[in-house]
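Reading the structure
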Amino acid sequence: MDFGHSADESQFRDRVRTQLRSDAVATELARLRDSREREPDERGLYRLLGERGLLGVDWPRRYGGQGQTAAHAALAVEEMMRAGVPDTLFVNGIQTVGKLVLLAGTEEQKLRILPELAAGRRFASVLYTEPDVGSDLSALTTRAVAVEDGYRIDGVKIFNLKSGITDYGLCAARTSLEGSRYAGLTLFLVDMHAPGVHVERLDTMADEQFHRVELEGVRVGPAAVVGEVGDGWAVLAEALPLERTGFDFALRAERWYAAGCAGLALGPGPEPGPAADWLADIGRHGAATRAAALLAWRCVGSADAGRLDELRTSTAKWYASEQAASVARWAMTRHAADAPDDLADALDSAYREAPGLTVAGGTSEMMLQTISGFLFAAEPAPSAAPEVH
């Protein structure tokens, strides 16, 4: 899909495509595609992408980026996903942790961590969710207690992706029990190889496996704090829209829609009946998939304007994740048992991944609550009495 990009952006897209077709990247993509492992290690591919400047595209050059716009970064993500690059390491490490450090980190943190992430030499994951509180960060119980040389962190995080191969974990912990449940939260960059960090894989029905991370007396210094101590909620509130553009979900919907349409032949319109119903589904899902992409690109536009709009990002995340899940179910149903082996494998993987999309990065219910809050706030207050003319 082309949404009217500038000549410079179109040329950049062409350069990204050329880099993704290079021998080294193409060979690594083929290795991952043909691997018999359920979840092959993608770090070698990401090192190649980092060497080609495709990870921190819109980060300042002093932090290892390319100094480009959010639109250029989105174009790179589009082409990487269309080429078959698995995106979780990017979404977690670059789009979430990297952008948050760029937003709230110290200059020392930015210079130390961001170039390593952008080069694909180090990787990061997110440690937010806990077993008994789900994604309600205001109820988290992981404690970070001040000690003479920094903090001691104790707690359990769950449902984390790629934590078995990452180097940094962005951990939300409670540094104070005073005040409201939103007060006293602090963000830390935890060394995932440090003593006391225990990572356990949790099997799921999707290809990617979750992890349980236990933090047992993990020591971190003051330099590990991202933002101000006790100000974690405010930082997260500002940073969460960065991971809710809906872009990754819209691209999944695009890929799964193409799989659902595989094998179609152009010809005269069918008579009323099952065939015509399938044709209507194809049109409906095609329009909805394009709408998801348009909503995501609107978020990119607001990012380039200087600030992501939370209403737009919540809407894009909700719509794109729901559409991706819907089109995955439709594609599987359309092909049933008649798909060739390679297509059947892709559809099976999509069908198993789809349910988690409406939960990851904020559930659909949370997104609708956020959207409704904005809409109700925008309604004019009712008059005390009707005007008489």
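First, a word on scope: everything that follows refers to the structure included in this document. As the structure is a computational prediction, the values presented were derived from the model and not from experiment.

**Observations regarding the overall build of the protein**
The secondary structure content of the protein amounts to 12 helices and 8 strands. The C-alpha atoms of the protein give 22 Å as radius of gyration, which agrees with the globular expectation for 389 residues (21 Å, within 12%). For the protein, the spread of C-alpha atoms along the three principal axes comes to 75 × 75 × 45 Å. Buried positions account for 47% of the 389 residues belonging to the protein. Restricting to contacts in the protein with at least 6 residues of sequence separation, those with at least 24 account for 74%. For the protein, the accessible surface area stands at approximately 18,900 Å², while carbon and sulfur atoms represent 54% of it. Taken together, the 40 basic and 56 acidic charged side chains of the protein have centroids lying 3 Å from each other.

**A closer look at the nonpolar core**
Ranked by internal contacts, the top residues of the largest apolar core, which has 56 residues, are Leu 49, Leu 100, Tyr 128 and Leu 187. The biggest single contributor to this core is helix 4 (residues 70-82), with 9 residues. Those residues in contact with Leu 100 that sit more than four places away from it in its chain are Gly 105, Tyr 128, Leu 170, Leu 187, Val 226, Val 235, Leu 236, Ala 239 and Leu 242.

**Let's talk about the packing of helix 4 against helix 8 (residues 247-261)**
It is at 10 Å that the axes of helix 4 and helix 8 come closest, and there the two elements cross at 35°. At the point where helix 4 passes helix 8, the crossing takes the right-handed sense. Taking contact as the criterion, the partners of Ala 74, Val 77, Glu 78, Met 81 and Arg 82 in helix 4 are, on helix 8, Phe 247, Asp 248, Leu 251, Arg 252, Glu 254 and Arg 255. Residue composition of the contact of helix 4 with helix 8, by class: 5 nonpolar, no polar and 6 charged.

**Details of empty space enclosed by the protein**
Here the structure, examined in full by the defined rule, presents 3 cavities of 30 Å³ or more. Taken as a whole, the largest cavity holds about 60 Å³ of empty space. At the level of secondary structure, the elements contributing two or more residues to the lining of the largest cavity comprise helix 8 and helix 9 (274-304). Estimates place the volume of the second largest cavity at around 50 Å³. Forming the boundary of the second largest cavity are Tyr 46, Leu 55, Leu 89, Phe 90, Gly 93, Ile 94, Leu 117, Gly 120, Arg 122, Phe 123 and Ala 124. With 4 residues, helix 5 (residues 88-104) is the largest single contributor of residues to the lining of the second largest cavity.

**A closer look at the environment of Ile 165**
Position of Ile 165 among the secondary structure elements: in the loop between strand 3 (150-161) and strand 4 (168-174). Residues Ile 165 and Val 359, spaced 194 residues apart in sequence, show a C-alpha to C-alpha distance of 23 Å. Setting aside anything within four residues of it in sequence, one finds Ile 165 in contact with Asp 41, Arg 43, Leu 89 and Phe 123.

**Quick notes on the pairing of strand 3**
The sheet contact formed by strand 2 (residues 143-147) and strand 3 spans 5 bridges and is antiparallel. Its bridge partner lying in strand 3, Ala 144 is registered against Ile 153. Joining the antiparallel neighbours strand 2 and strand 3 is a turn of 2 residues. Across 8 bridges, the pairing between strand 3 and strand 7 (residues 210-220) is antiparallel. Each bridged residue has a counterpart across the sheet, and for Leu 161 the counterpart in strand 7 is Phe 210.

**Here's the deal with helix 1 (residues 7-20)**
Given a rise of 1.5 Å per residue, 14 residues ought to cover 20 Å, and the 20 Å separating the end C-alpha atoms of helix 1 matches this to within 8%. Buried within helix 1 we find Glu 9, Phe 12, Arg 13, Val 16 and Leu 20. An end-on view of helix 1 places all buried positions within 105° of arc, on one side of the element. Tucked inside the fold, the buried residues of helix 1 contact helix 2 (23-34), helix 3 (43-51) and helix 4.

**Focus on the packing of helix 1 against helix 4**
Helix 4 packs onto helix 1 with a crossing angle of 35° between their chain directions and a minimal axis gap of 9 Å. Along this stretch, helix 1 crosses helix 4, giving a crossing that reads as right-handed. Seen from helix 1, the contacting residues are Asp 8, Glu 9, Phe 12, Arg 13, Val 16, Arg 17 and Leu 20; seen from helix 4, they are Ala 71, His 72, Leu 75, Ala 76, Glu 78, Glu 79, Met 80 and Arg 82. Of the residues belonging to the contact of helix 1 with helix 4, the class tally is 7 nonpolar, 1 polar and 7 charged.

**Re the packing of aromatic side chains**
Summed over all chains, the structure comprises 7 aromatic pairs. Both rings, one in Phe 247 and one in Trp 297, keep their centres 5.3 Å apart while their planes meet at 75°; by these two values the pair is edge-to-face. Here Trp 297 lies in helix 9 and Phe 247 lies in helix 8, a separation of 50 residues in the sequence. For the pair Phe 247 and Trp 297, one class covers both residues: buried.

What counts as what
Residues numbered from 1 in each chain as written. Predicted model: local features only at pLDDT ≥ 70, side-chain atom pairs only at ≥ 80, totals over all residues. Heavy atoms only, no water. Helix = DSSP H or I, 4+ residues; strand = E, 2+ residues; numbered from the N terminus. Rg over C-alpha atoms; globule rule 2.2 N^0.38 Å. Buried < 20%, exposed > 50% of the residue type's maximum accessible area, 1.4 Å probe, protein only. Contact = heavy atoms within 4.5 Å. Areas by Shrake-Rupley, 256 points an atom, 1.4 Å probe, with all protein chains shown as cover. Lys, Arg positive; Asp, Glu negative; His and termini not counted. Charge placed at Lys NZ, Arg CZ, Asp CG, Glu CD. Core = buried A, V, L, I, M, F, W, Y, C linked by side-chain atoms within 4.5 Å. Axes fitted to C-alpha atoms, helices over the stretch in contact; angles between N-to-C directions. Left-handed = near helix turned anticlockwise from the far one by under 90°. Nonpolar A, V, L, I, M, F, W, Y, C, P; charged D, E, K, R; others polar. 1 Å grid on protein atoms, 1.4 Å probe; cavity = no way out; pocket = protein on both sides within 12 Å on 5 of 7 lines; lining within 4 Å. Points joined across faces, edges and corners; volume = space filled by probe spheres on them. Pairing = 2+ DSSP bridges. Expected span 1.5 Å × (residues − 1). Arc of directions from axis to C-beta. Phe/Tyr/Trp six-rings, centres within 6.5 Å; stacked < 30°, edge-to-face > 60°.

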